[in-house]
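Fold and contact review
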Amino acid sequence: MKSIKIDNNRSETPVLYAALHAKCPRCRRGNMFDGPMYGLKFQKMNVSCPHCGLRFEREPGYFYVSMFISYAMSVAETIAVAVLTYLFTNNLEDPLLYIATIFPAVFLLSPFNYRYSRVALLYWLTPGLHYDPEKDK
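Residues numbered from 1 in each chain as written. Predicted model: local features only at pLDDT ≥ 70, side-chain atom pairs only at ≥ 80, totals over all residues. Heavy atoms only, no water.

1. What about the environment of Thr89?
So the rule is basically this: Every helix listed is a DSSP run of H or I at least four residues long, and every strand listed is a run of E at least two residues long, numbered separately from the N terminus. Under this definition, polar contacts are N or O atom pairs within 3.5 Å; protein pairs additionally need one hydrogen-donor-capable and one acceptor-capable atom, and for neighbouring residues in sequence, both atoms have to be side-chain atoms.
Among the structural elements, Thr89 can be located in helix H2 (residues 64-89). Remark: the alpha-carbon pair of Thr89 and Met32, spanning 57 residues in sequence, is separated by 40 Å. One polar contact links the side chain of Thr89 to the main-chain carbonyl oxygen of Thr85, over a distance of 2.6 Å.

This is how it looks when you write it as C-alpha cells:
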C-alpha cells in the first residue's frame with residue numbers, strides 16, 4: 001500500500017488527505033482536534049486553527065448541524081451492520097442478535113461520527129469557507 005507523503009514546500013495539500021486527517025479547511029495544515037480520535041479522554045475540538053487562526057465555530061450553535069450529519073452516518077452504519085449480520089448468520093428471527101451487534105457498533109463508531117460530521121460540515125457544507133493556498137505555506 002502506497003502512503004501519501006506531504007511535502008511542506010508544496011503549495012497545496014490534497015483535500016481528501018486534509019479532511020481524513022481533520023486538518024483546517026482553510027489552510028489544510030492546522031489540526032481541528034486536539035488529541036486522538038480514540039483514547040481515554042474525550043475528543044476536544046480546537047477553538048481556532050493553530051496555523052492560520054480560523055475560528056471553527058462560525059457562529060454560536062454552529063455545530064448543531066453536525067448532529068444531523070452524525071445521525072445520517074449512524075443510520076447508514078446501523079443498516080450496514082444489520083445487513084452484514086444477516087449475511088453472516090442468515091437469521092431474521094432473533095432480535096437480540098441484531099441488538100447485540102448494532103448497539104456496540106454504533107457505540108464504537110460514535111467518536112468517528114463526532115469527528116467526521118464536523119469535518120464534513122466545515123469542508124463541504126459551509127458557504128464562504130474555502131481553501132486559501134496562501135495560508136497553506
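2. Considering helix H3 (residues 95-124)
Each α-helix winds once per 3.6 residues, and so residues spaced three or four apart point in a common direction. Our working definition: An expected span of 1.5 Å times one less than the residue number is assigned to each helix. At any given residue, the bend is defined as the angle formed between two axes, one fitted to the seven residues that end at that position and one fitted to the seven that begin there.
Its 30 residues place the ends of H3 only 37 Å apart at the C-alpha level, less than the 44 Å of an ideal helix rising 1.5 Å per residue. Along its length, H3 shows its largest kink, about 45°, at Leu109, and proline Pro111 lies within four residues downstream of that point. Two or three places before Leu96, at the start of H3, stands the capping residue Asp94, its side-chain oxygen 3.3 Å from that residue's backbone nitrogen.

3. Remarks on the environment of Lys41
Within the secondary structure, Lys41 sits in the loop between strand E1 (33-34) and strand E2 (44-45). Residues Lys41 and Ala72 lie 31 residues apart in sequence; the distance between their C-alpha atoms is 25 Å.

4. So, a nonpolar patch on the surface
For clarity, the cut-off: Distance thresholds for patches are 9 Å for like charges and 5 Å for nonpolar side chains (Val, Leu, Ile, Met, Phe, Trp, Tyr), applied to residues having over 30% relative accessible area and no salt bridge. A 1.4 Å probe and the Shrake-Rupley method give the accessible areas. Residues count as covered only by the protein chains that appear here. By salt bridge we mean one thing: a side-chain nitrogen of Lys or Arg within 4 Å of a carboxyl oxygen of Asp or Glu. When a residue's accessible area, from a 1.4 Å probe over protein chains only, is under 20% of the maximum for its type it is buried; when over 50% it is exposed; and in between it is partly exposed.
A cluster of nonpolar side chains, namely Tyr71, Val75, Ile79, Val83, Leu84, Tyr86, Leu87, Phe88 and Leu92, defines an oily patch on the protein surface of about 980 Å² accessible area. In this structure, Tyr71 sits in helix H2. With a relative accessible area of 59%, Tyr71 lands in the exposed category.

5. Thoughts on the packing of aromatic side chains
What counts is decided by this rule: In this scheme Phe, Tyr and Trp rings, the latter by its six-membered ring, pair at centre separations within 6.5 Å, and the angle between planes marks the pair as stacked below 30 degrees, edge-to-face above 60, and tilted otherwise. Cation placement over rings: the criterion is NZ of Lys or CZ of Arg within 6 Å of the ring centroid and within 35° of the ring normal.
Under the counting rule described, the total for this entry stands at four aromatic pairs. With a centroid separation of 5.3 Å and 75° between ring planes, the pair formed by Tyr62 and Phe63 is classed as edge-to-face. The class of Phe63 is buried, set by a relative accessible area of 9%. A cation over a ring is seen here: Arg28 above Tyr131, with NZ or CZ 3.8 Å from the ring centre. Positioned above the aromatic ring of Phe63, the side-chain terminus of Arg118 is 4.3 Å from the ring centre.

6. Some words on the packing of H2 against H3
When two helices pack together, you describe them by how their axes are tilted relative to each other and by the distance separating the axes. As a reminder, the rule being used: The convention used is that axes are lines fitted to C-alpha atoms, helices contributing only their stretch in contact, and that angles between N-to-C directions extend from 0 to 180 degrees. Handedness of a helix crossing follows the sense of rotation of the near helix relative to the far helix, less than a right angle counterclockwise being left-handed and clockwise being right-handed. Amino acid classes used here: Ala, Val, Leu, Ile, Met, Phe, Trp, Tyr, Cys and Pro are nonpolar; Asp, Glu, Lys and Arg are charged; the rest, including Gly, are polar.
It is at 8 Å that the axes of H2 and H3 come closest, and there the two elements cross at 145°. Like other packed secondary-structure pairs, H2 and H3 cross with a definite hand, here right-handed. A breakdown of the residues in the contact of H2 with H3 according to their chemical character gives 16 nonpolar, nine polar and two charged.

7. Some thoughts on the nonpolar core
Here is the rule we go by: What makes a nonpolar core is a set of buried Ala, Val, Leu, Ile, Met, Phe, Trp, Tyr and Cys residues whose side-chain atoms join them at distances within 4.5 Å. Between two residues, a contact is recorded if the distance between any of their heavy atoms is within 4.5 Å.
Judged by nonpolar contacts, the single largest core of 24 residues is most densely connected at Met32, Phe56, Val119 and Leu122. Counting residues per element, the ones that place at least two in this core are helix H1 (15-20), H2 and H3. No other element matches the six residues that H3 contributes to this core. Not counting residues up to four positions away in its chain, the partners in contact with Met32 are Ala22, Lys23, Cys24, Pro25, Met45, Asn46, Phe56, Arg118, Val119, Leu122 and Tyr123.

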